[in-house]
Amino acid sequence: MTAVHVPGTPVIEDGRLVSTSPATGVEVGRLPVATAEDVARAVDRARPAGEWWAGLGFAGRRERLLRWRALLARRIEELAELVHAEGGKPLADAVVEIVSAVEHVDWAARNARRVLGPRRVRSRLVLAEFSAHLEYQPHGVVGVIGPWNYPVFTPIGSVAYALAAGNAVVLKPSEYTPAVGQWLVDTFAEVVPEHPVFTAVHGLGDVGAALCRSGVGKVAFTGSSATARKVMAACAESLTPVLLEAGGKDAMIVDADADLDAAAEACVWGALTNAGQTCIGIERVYAVEPVFDTFVGKVVERAGRLTVGPDDADIGPITMPSQLDVIRRHIDDALARGGRAVLGGADAVQPPYVRPTVLVDVPEDSLAVREETFGPTLTVNRVRDADEAVARANALSYGLGGSVFGRRRAVAIARRLRSGMASVNSTLTFAGMSTLPFGGVGDSGFGRIHGEDGLREFSRAKAITRRRARSLLASTTFERTPADVARLVRAIKTMYGR
């Protein structure tokens, strides 16, 4: 292995995508770059593979997905090492990510039949002569465009559910973590060698655009809000349905009756895990006046103990080198506008690392409050009460997740957050809960992965009616008579007119 170019920045050499460690610059992998024609061929190959896969039925797919789950579990250290090498994520964080992904593969495999299997639906009196049936059919081929910050957990949140629903999948991993994406594809092929049910195409943004235009049945995308708009526009050309999980600027609310030690511990984890490179990471905190100072002190004490660096450190490098400028700009803007750094600050950015930074009294119109930072930084502002906290939390166009700490009113406050998800007296826990849907509102996107909604997201509802008797209230025929219409009117008035 040799150092190549700017550490962590993907480079194309001789038709190969070169992936390097953001911490050391050591080469991790070289993958062939796909052309638009290559993407089209991958999708074409996936179509008959998807038909074969769907033909296995729920039981056949479950058995194979559970075998893949077992392989992932057995080789968790191997995959964690790759995630660490390619993205810089600390090994412990990589293990936690993979554990959550394994859980989702298991749940999707075990629950697909119950959620998506054919079932009878009660018919209504007006059409009592018909039985009603509902089933969910696969889209055929699903394109998944994955991110770099959670290169195992996030793609699998779409891949496993799409596969369980009977689809073939073509994955376009992030150009920053292609080797991890290919590892997932290769290990799946070990347990399902018969057909290319799950494949990958590699490259930069143009490869993702080609996948959007390739004729897949649906596209699932995770990334920034700006790129989500481009994906949606490309898919709109062919009316390809799309699931978007975009950016976030999640807030935590700390109420007066919160357990401050628990809140501080969860806040530091929610804000700083994976060096803050988490779409559902806590980037803003609103603590009510009576507990503000104590809470900030506890956060600073815990965050100040964290180590930064390679290997066994708590916080690893910033995976995408260009993000360092964004983080620096947000910190500088917050300080220039009157905010104070109670930990870290202007000199926290030391490429490829950023030291934990906690900013207080930051104006609400600052970049650090309004834009996604994606680094180990946190703003903590004081508010009069929970009502003001909710108003500030909901003031942005993002709406992914959120957190509330408190006792008496915490659940009620969580319900008022304009977000797709919320944790009460914890942070990020909804992501690992395989029984719950995951997704956002507003600029954070739409559609859901995980849980029952996630399985349905990768299926098409198919409604079927079947005549079982002669119509007593003939209406949907040109053979009806005036007497039939009169009986229909009397029946409706009797049933619904009072």
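Structure's up top.
Conventions and cut-offs
- Just so you know, the residues in each chain are numbered from 1, in the order the chain's sequence is written.
- Under the rules for a predicted model, residues below a pLDDT of 70 receive no local features and side-chain atom pairs below 80 are neither given nor counted, while totals for whole chains, interfaces and linings still include all residues.
- Side-chain figures throughout are based on the complete set of non-hydrogen atoms in the structure, without hydrogens or water.
- Only DSSP runs of H or I reaching four residues or more are called helices, and only runs of E reaching two or more are called strands; each is numbered from the N terminus.
- Here the globule rule is a power law, 2.2 Å times the number of residues to the power 0.38, and the radius of gyration is based on C-alpha atoms.
- Exposure classes here rest on a 1.4 Å probe applied to the protein chains alone. A residue is buried below 20% of its type maximum, exposed above 50%, and partly exposed in between.
- Only the protein chains shown count as cover for residues, and the accessible areas themselves come from Shrake-Rupley with a 1.4 Å probe.
- For the purpose of charge, His is not counted, nor are the chain termini; Lys and Arg are scored as positive and Asp and Glu as negative.
- Taken as the charge location is NZ of Lys, CZ of Arg, CG of Asp or CD of Glu.
- What counts as an axis is a line fitted to C-alpha atoms, over the stretch in contact for a helix, and the angles between N-to-C directions run from 0 to 180 degrees.
- Every angle not falling under 35 degrees, over 145, or within 65 to 115 is termed oblique; those three ranges are roughly parallel, roughly antiparallel and roughly perpendicular.
- The contact definition used throughout considers only heavy atoms, calling two residues in contact when any of these lie within 4.5 Å.
- Only Asp, Glu, Lys and Arg are considered charged, only Ala, Val, Leu, Ile, Met, Phe, Trp, Tyr, Cys and Pro nonpolar, and every remaining residue, Gly among them, polar.
- A pair of strands counts as paired when DSSP detects no fewer than two bridges linking them.
- What a helix is expected to span follows from its residue count: subtract one and scale by 1.5 Å.
- Within this document, salt bridges are pairs made up of a side-chain nitrogen of Lys or Arg and a carboxyl oxygen of Asp or Glu, the two lying within 4 Å of each other.
- Here a Phe, Tyr or Trp ring, Trp counted by its six-membered ring, pairs with any other such ring whose centre lies within 6.5 Å, and the pair is stacked when the planes are under 30 degrees apart, edge-to-face when over 60, and tilted otherwise.
- Think of a polar contact as two N or O atoms within 3.5 Å of one another; within protein, one of them needs to be a possible hydrogen donor and the other a possible acceptor, and neighboring residues in sequence only count if both atoms come from side chains.
- Handedness is read with the strands pointing away from the viewer; a crossover is right-handed when the path from the first strand over the helix to the second is clockwise.

**Q** Where do I start with the overall build of the protein chain in this structure?
**A** Within the protein chain, the regular secondary structure consists of 17 helices and 23 strands. In terms of overall size, the protein chain behaves like a compact globule, its C-alpha atoms giving a radius of gyration of 25 Å where 498 residues would be expected to give roughly 23 Å. Over its C-alpha atoms, taken along the principal directions, the protein chain stretches across nearly 85 × 60 × 40 Å. For the protein chain, with 498 residues in total, the buried portion stands at 56%. Just so you have it, the protein chain exposes about 20800 Å², and 55% of that area is on carbon and sulfur atoms. Averaging the coordinates of the 58 positive side-chain charges in the protein chain and doing the same for the 56 negative ones gives two points 13 Å apart.

**Q** Which parts of the structure should I look at to understand the packing of helix 1 (residues 36–55) against helix 2 (residues 57–74)?
**A** A packed helix pair is summarised by two numbers, namely the angle formed by the two axes and the spacing between the axes. Remark: helix 1 packs on helix 2, axes separated minimally by 7 Å, with the N-to-C direction vectors making an angle of 105°. Comparing the axis directions of helix 1 and helix 2 gives the class roughly perpendicular. Across the interface between the two elements, Trp52, Trp53, Ala54 and Gly55 from helix 1 touch Gly57, Arg61, Arg64 and Leu65 from helix 2. Considered class by class, the residues forming the contact of helix 1 with helix 2 number 4 nonpolar, 2 polar and 2 charged.

**Q** Would you mind showing me how to read the sheet that holds strand 19 (residues 402–405) here?
**A** Hydrogen bonding along the main chain pairs the strands of a sheet, whether they run parallel or antiparallel. Across the sheet, 7 strands lie side by side as 13-16-17-12-11-19-20; this open sheet has mixed pairing. Bordering the open sheet on either side are strand 13 (340–343) and strand 20 (423–424), each of which pairs with just one other strand. Two strands pair when backbone bridges link them, and strand 12 (residues 282–288) and strand 17 (residues 377–383) are joined in this way by 5 bridges, in the parallel orientation. Among the inter-strand pairings, Val288 is bridged to a residue of strand 17, identified as Val383. Across the sheet, helix 10 (residues 292–303) is in contact with strand 11 (250–254), strand 12, strand 13, strand 16 (357–360) and strand 17; its angle to strand 17 comes to roughly 170°. Helix 11 (residues 323–336) rests against strand 13, strand 16 and strand 17 of the sheet, and its axis sits at about 30° to strand 16.

**Q** So what exactly am I meant to see when it comes to helix 8 (residues 225–236) here?
**A** The terminal C-alpha atoms of helix 8 lie 16 Å apart, and with 12 residues this matches the ideal 16 Å at 1.5 Å per residue to within 8%. Among the residues making up helix 8, those that are buried are Ser225, Ala228, Val231, Ala234 and Cys235. The secondary structure elements touched by the buried residues of helix 8 are strand 6 (141–145), helix 7 (205–212), strand 9 (218–222), strand 10 (242–245) and strand 18 (398–399).

**Q** When you look at the pattern of salt bridges in this model, what are you seeing that I'm missing?
**A** Where charged atoms of side chains with opposite charge meet at close range, the side chains can pair. Counted by the stated rule, this structure contains 35 salt bridges. Asp261 is paired through a salt bridge with Arg302; the nearest N and O atoms lie 3.5 Å apart. Taken together, the residues span a long stretch of sequence, with Asp261 in helix 9 (residues 260–272) and Arg302 in helix 10 at a distance of 41 residues. Overlapping salt bridges, with partners in common, bring together Glu63, Arg64, Arg67 and Glu194 in one network.

**Q** I would appreciate a short explanation of the packing of aromatic side chains in the present structure.
**A** Where two aromatic rings form a pair, the distance of their centres and the angle of their planes describe that pair. Counted by the stated rule, this structure contains 9 aromatic pairs. Centre to centre, the rings of Trp148 and Phe374 are 5.6 Å apart; their planes meet at 90°, and the pair counts as edge-to-face. Taken together, the residues Trp148 in the loop between strand 6 and helix 5 (153–164) and Phe374 in the loop between helix 12 (367–370) and strand 17 connect sequence positions 226 residues apart. With respect to burial, Trp148 and Phe374 carry one shared label: buried. Taken together, a centroid distance of 5.8 Å and an interplanar angle of 80° make the contact between Phe188 and Phe198 edge-to-face.

**Q** Whenever I open this one, the sheet that holds strand 1 (residues 11–13) confuses me. Can you help?
**A** Strand order in this open sheet of 3 strands is 1-2-3, and the pairing throughout is antiparallel. The open sheet has two edge strands, strand 1 and strand 3 (27–32), and neither has a second partner. Averaged over all pairs of adjacent strands, the angle between their axes in this sheet comes to 30°, without regard to strand direction. Pairing between strand 2 (residues 16–20) and strand 3: 5 bridges, direction antiparallel. Opposite Thr20, over in strand 3, you have Glu27 as the bridge partner.

**Q** Which parts of the structure should I look at to understand the pairing of strand 17?
**A** As a general feature of sheets, a regular strand has side chains that alternate between the two faces. For strand 17, the tally of buried residues reaches 6 of 7 residues, placing the bulk of the element in the interior. Here 4 bridges tie strand 16 to strand 17, and the two strands are oriented parallel to one another. From the neighbouring strand, Val360 faces strand 17, where its bridge partner is Val380.

**Q** I keep staring at helix 13 (residues 386–393) and nothing clicks. Help me out?
**A** Working note: α-helix, 3.6 residues per turn, so residues spaced by three or four point in the same direction. Three or more residues of helix 13 are buried, namely Ala386, Glu388, Ala389, Val390 and Ala393. Check the buried side of helix 13 and you find it contacts strand 11, strand 12, strand 17 and helix 14 (410–416). You can read the cap of helix 13 off the contacts: a side-chain oxygen lies 3.2 Å from the backbone nitrogen of Asp387, and it is on Asp385.

**Q** Can you help me understand the pairing of strand 6 in this one?
**A** Most of strand 6 sits out of view: 5 of its 5 residues are buried. A two-sided burial pattern is seen for strand 6, the buried positions comprising Val141, Gly143 and Ile145 on one face and Val142 and Val144 on the other. Regarding the hand of the β-α-β motif, the stretch spanning strand 6, helix 5 and strand 7 (residues 168–172) is right-handed. With 4 bridges connecting them, strand 6 and strand 9 associate as parallel partners. Counted as the bridge partner of Val142 is Lys218 from strand 9.

**Q** Help me out: how do you make sense of unusual backbone geometry in this one?
**A** Leaving glycine out, the prevailing phi sign among residues is negative, and the prevailing peptide bond configuration is trans. The step from Pro351 to Pro352 runs through a cis peptide bond, and the omega angle for that step is 5°. Tracing the sequence through the fold places Pro352 in the loop between strand 14 (349–350) and strand 15 (353–354). Despite not being glycine, Asp14 has its phi angle at roughly 50°, a positive value. For Asp14, the location among the structural elements is in the loop between strand 1 and strand 2.

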